[in-house]
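# Overview (structure and organization)
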Amino acid sequence: MKFCSILILLCLLFQTSIKSQNEWALKKDKNGIKVFSKKSDKFKFDQLKVECVLDGRISQLAAVLLDVNNHYQWVYKTSKSQLLKEESASQELYYSEIDCPWPFENRDLVVRMSIVQNPLTKVMTIEAKNVNDYVPDKHNLVRIKYSNATWTVTPISDSQFKVEYRIEVDPGNGVPAWLLNLFASNGPYESFINLRKRMKLPPYAQAKFPFIID
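Residues numbered from 1 in each chain as written. Predicted model: local features only at pLDDT ≥ 70, side-chain atom pairs only at ≥ 80, totals over all residues. Heavy atoms only, no water.

### A look at the layout of surface pockets
Looking at the largest pocket, its volume works out to about 1,300 Å³. In terms of lining, the largest pocket is formed by 42 residues, of which the most central are Tyr76, Ile98, Ile167, Val169 and Gly187. Counting residues per element, the ones that place at least two in the lining of the largest pocket are strand S5 (91-98), strand S6 (107-117), strand S9 (146-157), strand S10 (160-170), helix H3 (177-183) and helix H4 (186-198). The dominant element in the lining of the largest pocket, judged by the number of residues it contributes, is H4, at 6 residues. (1 Å grid on protein atoms, 1.4 Å probe; cavity = no way out; pocket = protein on both sides within 12 Å on 5 of 7 lines; lining within 4 Å. Points joined across faces, edges and corners; volume = space filled by probe spheres on them. Helix = DSSP H or I, 4+ residues; strand = E, 2+ residues; numbered from the N terminus.)

And the structure:
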């Protein structure tokens, strides 16, 4: 009887541990930007999620994201960003290089980004996934073979919207998981701080698209 009680207790503890690993944990909450992480089912690197409310129209956000040649000016640790192909007005293929701290090698990847909007709810969804074998590997860079990011953008009013951003990435060999996971919350936070400022710049503040209803 005592053995059965211990076994039941161990099972309950195990289930609680599994449940906690599958839940989002708040890592940073500052300036209206919340960054969460949770264990990945695929990789040793944590998944990340950002939640925040931004001032402006959703077209402003789309304008900043579609201006891929200038991503290096606001996306954390991005040293180079280049449009490779405009596949449509709402879908682009682009290349990015990412700085890593010494002694780790810098990374690069090719991304296909697409924007769609539900015409009834006005919710805008942005998907950015890596594309392999489009650009040859470079000898001094580690190619990121898996990256999957999703933006869910929900209008609150004519001048405010809520963003939920999720990303899962495998940065490749050479970066210890414990080190990346330790500092992972800082990158998304800094990017969203920069994004908030960038949306107010003239090229984006007046942006309009035929495929987006503000």
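### Focus: the pairing of S6
Within S6, 9 of the 11 residues are buried, leaving the element largely enclosed by the surrounding structure. Here S6 pairs with strand S8 (residues 142-143) via 2 bridges, running parallel. When the sheet's bridge partners are listed, Arg107 is paired in S8 with Val142. The sheet contact formed by S6 and strand S7 (residues 124-130) spans 7 bridges and is antiparallel. Bridged to Val116 within S7 is Thr125. (Buried < 20%, exposed > 50% of the residue type's maximum accessible area, 1.4 Å probe, protein only. Pairing = 2+ DSSP bridges.)

### As for empty space enclosed by the protein
In this structure the tally under the stated criterion is 1 cavity of 30 Å³ or more. When its volume is computed, the largest cavity comes out at roughly 40 Å³. Lining the largest cavity are Gly56, Arg57, Ile58, Pro155, Ser157, Asp158, Gln160, Phe161 and Asp214. Of all the secondary structure elements, the ones that give two or more residues to the lining of the largest cavity are S9 and S10. For the lining of the largest cavity, the residue count by class is 3 nonpolar, 3 polar and 3 charged. (Nonpolar A, V, L, I, M, F, W, Y, C, P; charged D, E, K, R; others polar.)

### A few points about the pattern of salt bridges
For the coordinates displayed, the defined rule picks out 9 salt bridges. Here Arg143 makes a salt bridge to Asp137, at a shortest N to O gap of 3.3 Å. When salt bridges that share partners are traced, they join Asp108, Asp137, Arg143 and Lys145 into one network. (Salt bridge = Lys/Arg side-chain N within 4 Å of Asp/Glu carboxyl O.)

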